[in-house]
Each structure stands twice: as structure tokens, then as C-alpha cells.
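So the chains spell out like this:
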Amino acid sequence: MSDDFSEVKLEADRLELLDYMLEEEGIEKASESQKIVRRLPRAELPLSFAQQRLWFLDQLAPGSAAYNLSGRLRLEGQLDASSLEASLNEIVRRHEALRTIFSTHDGEPVQIILSELRLALPLIDLSHLPAAERETAIRQLCEEEASQSFDLSTGPLV
């Protein structure tokens, strides 16, 4: 008997025990109609209430940055920019909400979760500026970025 077979058998035994324990507690197994069905990639899904509000406000005032949430983070020391970019892209890969865009289908807003989205980390070298001017330039760049609107139909929304 191979190790793979014994692991499968053990898993089946554990599942049977779990079913028995749940039944003893009065908890029934989910029927076929109650099981969560895997959605198709790039399927159109209805918007959540928060997404509906965002979409509606964007329809009223396209290009507005009024609902942007921004923040700044100061990193000190040597920066491995490629590792930071790879880390951010791994976060985007793992979280569908960061790959979601909005569209309309039959006049109704829908969300579409992109299967892939790559972020490019822009690098701006301010080392040529004196320290006092550098801080001012950083603040100005942050304010400019925070005031940029998002295109809900193309993304990214981050």
C-alpha cells in the first residue's frame, strides 16, 4: 500500500468521523442545493451594497476622487524595489477585491474579477533635491496621487 493511498483512506475516515459527530450534534450535511458552487473565472457578479454605492457615486460625478482612501508609509533604509513590487503583486494575486472592476450588463452594474492584474511600482528619484525640498516634493507627490480618480471599468482600484 502506498503512502498516498493511506493518506486518502485516513482522510476519508476522518470525514466519516466528522459526519458522525455533526449528526450527533443535530447538524445535517449540506444538501446539493446548499453547497457553494465554484464560480466561473471572469463571471459577472452582482455588486455588494458598498460597491453599488461607489458605482452610483461614480455615475453621478465621474472622475471624482472624493471617496479615495489614501495613506503614506515611510520606509527607511535600503529599498529592494523589485521585492516590494513582487510583494504587492502577490497581495493583489491573493485578493480578488483588488482585481475587481465594474461593468454593466443589461443596464445593471456588475463586478468582474480579473484573473490577473499586475501593478507597476513607479520609482521617482528625488535624491538630487536638498532634504528640505525633498520633503515638500514628497508631500506634493502624495497629494497628487491621492487626488487621482479611479476608472472603475478598467482598474486597478488600488
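Residues numbered from 1 in each chain as written. Predicted model: local features only at pLDDT ≥ 70, side-chain atom pairs only at ≥ 80, totals over all residues. Heavy atoms only, no water.

1. Comments concerning the overall build of the protein chain
Condition: Secondary structure elements follow DSSP: runs of H or I of four or more residues count as helices, runs of E of two or more count as strands, with numbering from the N terminus. The reference for a compact globule is 2.2 Å times residues^0.38; the radius of gyration itself is calculated from the C-alpha atoms. Here's how the labels work: a residue is buried when its accessible area is under 20% of the maximum for its type, exposed when over 50%, partly exposed in between, all with a 1.4 Å probe on protein chains only. Working rule for contacts: check all heavy atoms of both residues, and any pair within 4.5 Å makes them a contact. Only the protein chains shown count as cover for residues, with accessible areas throughout obtained via the Shrake-Rupley method and a probe of 1.4 Å. Residues scored as charged are limited to Lys and Arg (positive) and Asp and Glu (negative), so that His and the chain ends carry no count. One atom stands in for each charge, and that atom is NZ of Lys, CZ of Arg, CG of Asp or CD of Glu.
In terms of regular secondary structure, the protein chain is built from 4 helices and 3 strands. The globule rule puts the C-alpha radius of gyration for 158 residues at 15 Å, and the 24 Å found for the protein chain is more than 25% above it. Principal-axis analysis of the C-alpha atoms places the extent of the protein chain at approximately 70 × 45 × 30 Å. Of all 158 residues assigned to the protein chain, the portion counted as buried reaches 15%. Summarising the internal contacts of the protein chain: among those between residues at least 6 apart in sequence, 62% fall at separations of at least 24. Approximately 13,300 Å² of the protein chain is accessible, and the part contributed by carbon and sulfur atoms is 55%. Between the averaged position of the 16 positive side-chain charges in the protein chain and that of its 29 negative side-chain charges there is a distance of 3 Å.

2. With respect to a nonpolar patch on the surface
Put simply, the test is: Patch building starts from residues that exceed 30% relative accessible area and form no salt bridge, then joins like charges within 9 Å and nonpolar side chains (Val, Leu, Ile, Met, Phe, Trp, Tyr) within 5 Å. Should a side-chain nitrogen of Lys or Arg be within 4 Å of a carboxyl oxygen of Asp or Glu, the pair is scored as a salt bridge.
Where nonpolar side chains cluster on the molecular surface, the patch consists of L17, Y20 and M21 and spans about 330 Å² of accessible area. Position of L17 relative to the elements: it lies in helix α1 (residues 3-24). L17 sits in the partly exposed class, given a relative accessible area of 48%.

3. Side note on the pairing of strand β3 (residues 108-113)
If a strand is regular, its side chains alternate between the two faces of the sheet. Under the convention used in this document: Only when DSSP finds a minimum of two bridges between them are two strands counted as paired.
Summarising burial for β3: 5 of the 6 residues are buried, a large majority. With 3 bridges connecting them, strand β1 (residues 44-46) and β3 associate as antiparallel partners. Bridging across to β3, L45 finds its partner in Q111. Hairpin connection, strand β2 (residues 100-105) to β3: the antiparallel pair is bridged by 2 residues, and D106 has positive phi, about 55°.

4. Some words on the sheet that holds β2
Applicable threshold: As a rule, the C-alpha atoms of each element are fitted with a line to give its axis, helices using only the stretch in contact, and angles between N-to-C directions run from 0 to 180 degrees.
Read from one edge to the other, the open sheet built from 3 strands follows the order β1-β3-β2, with strand pairing classed as antiparallel. Edge positions in the open sheet fall to β1 and β2, since each of these has one partner strand only. Each adjacent strand pair in this sheet contributes to an overall mean axis angle of 45°, direction not counted. Contacting β1, β2 and β3, helix α2 (residues 49-60) runs over the sheet at an angle of about 70° to β2.

5. Quick word on the pattern of salt bridges
Tallying each qualifying case throughout the model produces 3 salt bridges. The closest approach of N and O atoms between R74 and E135, which form a salt bridge, is 2.9 Å. Of this pair, R74 sits in the loop between α2 and α3 (81-94) while E135 sits in helix α4 (residues 131-146), placing them 61 residues apart in sequence. For E135, a relative accessible area of 27% puts it in the partly exposed group.

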